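If you want the building blocks of each chain, they are given just below.
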Amino acid sequence: MTNLSPHLRQATPVVATRGEGVYLYGEDGRRYLDFTAGIGVTSTGHCHPRVVQAAQEQVATLIHGQYTTVMNQPLRRLVAKLGEVLPEGLDSLFFTNSGSEAVEAAMRPGPT
């Protein structure tokens, strides 16, 4: 049987089965206040109805459109919305999956 690396240790013995708002629910049925609030739930909490609905609608239409290969309307809408609030002079966006991707992209020479 494959196991998770022993170098990745959980801070608690809780095995979460679901989340709702600021709470996680364990296999034992107990409710726990989620002090970790991972990046995906910090702003709205776990399973916010509007976020769930938007995700379900998007997944039913297009799960992933790699923007270096094909363009898609949700990405165009996001770029337009961000353009409305970006400071003057910031007129180009580059989406990354992680900090390391962002650093790698920053280190690349620009177009000539």
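The coordinates are above.
Residues numbered from 1 in each chain as written. Predicted model: local features only at pLDDT ≥ 70, side-chain atom pairs only at ≥ 80, totals over all residues. Heavy atoms only, no water.

## Details of the sheet that holds strand β3 (residues 31–33)
Link 1 in the chain: Pairing is antiparallel in the open sheet, where three strands are placed in the order β1-β2-β3. The two strands at the open ends of the sheet, each matched to only one other strand, are β1 (16–20) and β3. Neighbour-to-neighbour, the strand axes of this sheet turn through a mean angle of 30°, independent of strand direction.
Link 2 in the chain: Two elements, β1 and strand β2 (residues 23–26), share four bridges in a ladder whose sense is antiparallel. Paired with Glu20 across the two strands is Tyr23, which belongs to β2. (Pairing = 2+ DSSP bridges. Helix = DSSP H or I, 4+ residues; strand = E, 2+ residues; numbered from the N terminus. Axes fitted to C-alpha atoms, helices over the stretch in contact; angles between N-to-C directions.)

## Observations regarding the side chain of Asn72
Link 1 in the chain: When you line up the elements, Asn72 lands in the loop between α1 (49–61) and α2 (73–85).
Link 2 in the chain: Among the residues examined, Asn72 registers a relative accessible area of 12% and is labelled buried.
Link 3 in the chain: One polar contact links the side chain of Asn72 to the main-chain carbonyl oxygen of Gly65, over a distance of 3.2 Å.
Link 4 in the chain: Looking at Asn72, its side chain comes within polar contact range of the main-chain nitrogen of Leu75, at 3.0 Å.
Link 5 in the chain: Setting aside anything within four residues of it in sequence, one finds Asn72 in contact with Leu62 and Gly65. (Buried < 20%, exposed > 50% of the residue type's maximum accessible area, 1.4 Å probe, protein only. Polar contact = N/O pair within 3.5 Å; in protein donor to acceptor, adjacent residues only side chain to side chain. Contact = heavy atoms within 4.5 Å.)

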